[in-house]
Amino acid sequence: MKTKKSSTLEVAGVFVAVGLKPNSQHFANIVKLSESGHIRTDELMATSSPGLFAAGDIRKSSARQIAPAVGDGATAALSAFSYLRG
Ligand SMILES: Cc1cc2nc3c(=O)[nH]c(=O)nc-3n(C[C@H](O)[C@H](O)[C@H](O)COP(=O)(O)OP(=O)(O)OC[C@H]3O[C@@H](n4cnc5c(N)ncnc54)[C@H](O)[C@@H]3O)c2cc1C
């Protein structure tokens, strides 16, 4: 980008990492977001909106790794089940 020159690099694969900004603006008026735009949840993945749960990288304080994201998802699913059961 700096030199405006281009070149070709032969690789076996590509991992795309183009930014870390959370795509959370759809929820800005529904749940509480952090200053960085991540969704605030408690330890059961509940957001500030009853019945709405968040999991993974979108969450404030997420470790932003696959293993915790999967754990978040399992917790959020169980919390949703519990919420619906009443
Ligand atoms: C280059 C790179 C390398 C990484 N390497 C590792 C690693 O080695 N080990 C590790 O543990 N973690 C790694 N990570 C982090 C890991 O990928 C994430 O922590 C994990 O994918 C988070 O899962 P997630 O489901 O929360 O979010 P994502 O995997 O980002 O899934 C979110 C999904 O929501 C979709 N989406 C977004 N907006 C909308 C919308 N408005 N409507 C509908 N769908 C929408 C997106 O398209 C996406 O499919 C890496 C990340 C990157 C970028």
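Since this is a predicted model, take the numbers as computed values, not measurements.

Basis of the calculations
Per-chain numbering applies: the sequence of each chain, read as written, is numbered from 1 onward. Where totals are concerned, whole chains, interfaces and linings use all residues; where local detail is concerned, this predicted model gives features only for residues with pLDDT of at least 70, and gives and counts side-chain atom pairs only at 80 or more. In DSSP terms, a helix is any run of H or I states spanning at least four residues, a strand is any run of E spanning at least two, and both are numbered starting from the N terminus. In this usage, the nonpolar core is the set of buried Ala, Val, Leu, Ile, Met, Phe, Trp, Tyr and Cys residues whose C-beta atoms join them within 7 Å. Counting other C-beta atoms within 10 Å of a residue's C-beta gives its exposure: the residue is buried at 20 or more, exposed at 12 or fewer, and partly exposed in between, where C-beta atoms are placed from the backbone. What counts as a contact is two residues whose backbone-derived C-beta atoms lie within 7 Å of each other. Whether a residue is near a molecule or strand depends on its C-beta atom, placed from the backbone, lying within 6 Å of it. The classification used treats Ala, Val, Leu, Ile, Met, Phe, Trp, Tyr, Cys and Pro as nonpolar, Asp, Glu, Lys and Arg as charged, and all other residues, Gly among them, as polar. By this rule the span expected of a helix is its residue count minus one, scaled by 1.5 Å.

Colleague: Looking at this structure, I do not really get the environment of Phe15. What am I missing?
Modeller: With respect to the helices and strands, the residue Phe15 is situated in the segment before α1 (66-85). Residues Phe15 and Lys32, spaced 17 residues apart in sequence, show a C-alpha to C-alpha distance of 31 Å.

Colleague: Looking at this structure, how should I read the nonpolar core?
Modeller: Looking at soluble globular proteins, one finds that nonpolar side chains tend to be buried together. Leu33, Ile39, Met45, Ala46, Phe53, Ala54, Ala55 and Ala76 form the largest nonpolar core, which has eight residues in total. Aside from chain neighbours lying at most four places away, what touches Ala54 is Ile39, Thr41, Met45, Thr47, Arg59 and Ala76.

Colleague: I'm lost on the site of the ligand in this one. Help?
Modeller: Surrounding the ligand, one finds Phe15, Ala17, Asn23, His26, Gly56, Asp57, Arg64, Gln65, Ile66, Ala67 and Ala69. Considered class by class, the residues forming the shell around the ligand number five nonpolar, four polar and two charged.

Colleague: How do you make sense of α1 when you look at a structure like this?
Modeller: Each turn of an α-helix holds 3.6 residues, which means side chains three or four residues apart point in the same direction. With 20 residues, α1 ought to run about 28 Å at 1.5 Å a step, and its terminal C-alpha atoms sit 29 Å apart, in line with that. Positive phi appears at Gly86, one or two residues downstream of α1, with a value of about 80 degrees.

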